[in-house]
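Chain by chain, the residues:
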Amino acid sequence: MSSPETGPASADASAAPDEILPVVAPQLRALRRRASLTLEAAARTAGLSAAHLSRLETGQRQPSLPVLLALARIYGTTVSELLGETVAGRDAVVRAADMEPTAAGGWTYWPAGAPGRGMQALRVHVPHGSQGDIVRVHPGEEWLYVLKGRMRLRLGDTTHRLAPGDSAHFDSLTPHRIAAQDADGVELLFVHTLLQSPTATLCLGPITGEMP
């Protein structure tokens, strides 16, 4: 684990003010309070400093997608709700025209499922060189399927190279990180379980050195 000030927060510290997602800040604060968590407790569980989480809640910093995923799990909600997005009803079908892209920390993602479910589905584009050093560890499972481009998936001490059509399904308590192998990035389908509990834990932090 890195120190609180040099963890995942550092990946988005240079975000310009006009890049900040305007709706995220009040949602982050409201959902933390709904989960009955103090600023310090939520930040500690997410691997952030309290000062950095405070800056996210006041709109002074833009959260990266891994940070949004961390906070969504901790607050027992979805990234879509953190961003203030609403989907009418709980329809089984999500139309392509309704999938609005959202940028977060260099990643672009499109919600591919409705909120209020036991898992969250996203279509994600990961640019080359973006957040490839962030390691995630959290309860639950993840499944991903490569649509376009090639990627490297690090699971524990093993690195896997995935091409279009390849998929991975793993226990997300295994330390893991992904990185795009091609200059154009990688596009993938991503599904993860949502633990509806404010006590769910997640650890984020950079690892030094290049992914093999």
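Look up: the structure comes first, before these words.
Note that the structure is predicted; figures quoted are calculated from it, not measured.

Caption draft 1: Seen up close, the overall build of the chain. Helices and strands together make up the secondary structure of the chain, namely 5 helices and 11 strands. Accessible surface for the chain amounts to roughly 9,900 Å². Of this, 54% is attributable to carbon and sulfur atoms.

Caption draft 2: Region of the structure containing the pattern of salt bridges. Counting across every chain of the model gives 4 salt bridges. Among the salt bridges present, the one from Glu57 reaches Arg32, with a minimum N-O distance of 2.6 Å. Of this pair, Glu57 sits in helix H3 (residues 50–57) while Arg32 is found in helix H1 (residues 24–34), placing the two residues 25 residues apart along the sequence. Taking the relative accessible area as the measure of exposure, Glu57 reaches 3% and is therefore buried. Judged by relative accessible area, which is 8%, Arg32 ranks as buried. With its nearest N and O atoms 2.7 Å apart, the salt bridge here joins Asp182 to Arg150. Taken together, the positions of Asp182 in the loop between strand S9 (176–180) and strand S10 (186–193) and Arg150 in the loop between strand S5 (141–148) and strand S6 (151–155) put the pair 32 residues apart, joining distant regions of the chain. One network of salt bridges, with partners in common, ties together Arg29, Arg32 and Glu57.

Caption draft 3: Geometry of unusual backbone geometry. In this structure, Ser36 takes a positive phi of about 60° despite not being glycine. Within the secondary structure, Ser36 sits in the loop between H1 and helix H2 (39–46).

Caption draft 4: Representation of the packing of aromatic side chains in the model. Tallied over the full model, the rule gives 1 aromatic pair. Relative to Tyr145, the ring of Trp143 has its centre 6.2 Å away and its plane inclined at 20°; by these criteria the two rings are stacked. Residue class for Tyr145 comes out partly exposed when judged on its relative accessible area of 29%. In this structure, Arg123 is placed above the aromatic ring of Trp110, and the distance from its NZ or CZ to the ring centre is 4.1 Å.

Caption draft 5: Seen up close, H2. Within the sequence span of H2, burial applies to Leu39, Ala41, Ala42, Ala43 and Ala46. Two residues or fewer past H2, Gly47 is found with a positive phi of approximately 80°.

Caption draft 6: Broad picture of the packing of H2 against helix H4 (residues 65–75). As a packed pair, H2 and H4 sit with axes 10 Å apart at the nearest point and diverge in direction by 120°. When the interaxial angle is binned, H2 and H4 end up oblique. As H2 runs across H4, the sense of the crossing is right-handed. For the pair H2 and H4, the contacting residues are Ala42, Thr45 and Ala46 in the first and Leu71, Ile74 and Tyr75 in the second. Along the lines of polarity and charge, the residues of the contact of H2 with H4 split into 5 nonpolar, 1 polar and no charged.

Basis of the calculations
- Residues numbered from 1 in each chain as written.
- Predicted model: local features only at pLDDT ≥ 70, side-chain atom pairs only at ≥ 80, totals over all residues.
- Heavy atoms only, no water.
- Helix = DSSP H or I, 4+ residues; strand = E, 2+ residues; numbered from the N terminus.
- Areas by Shrake-Rupley, 256 points an atom, 1.4 Å probe, with all protein chains shown as cover.
- Salt bridge = Lys/Arg side-chain N within 4 Å of Asp/Glu carboxyl O.
- Buried < 20%, exposed > 50% of the residue type's maximum accessible area, 1.4 Å probe, protein only.
- Phe/Tyr/Trp six-rings, centres within 6.5 Å; stacked < 30°, edge-to-face > 60°.
- Lys NZ or Arg CZ within 6 Å of the ring centre and 35° of its normal.
- Axes fitted to C-alpha atoms, helices over the stretch in contact; angles between N-to-C directions.
- Parallel < 35°, antiparallel > 145°, perpendicular 65-115°, else oblique.
- Left-handed = near helix turned anticlockwise from the far one by under 90°.
- Contact = heavy atoms within 4.5 Å.
- Nonpolar A, V, L, I, M, F, W, Y, C, P; charged D, E, K, R; others polar.

From the geometry alone we can't say anything about function, so treat these as descriptive.
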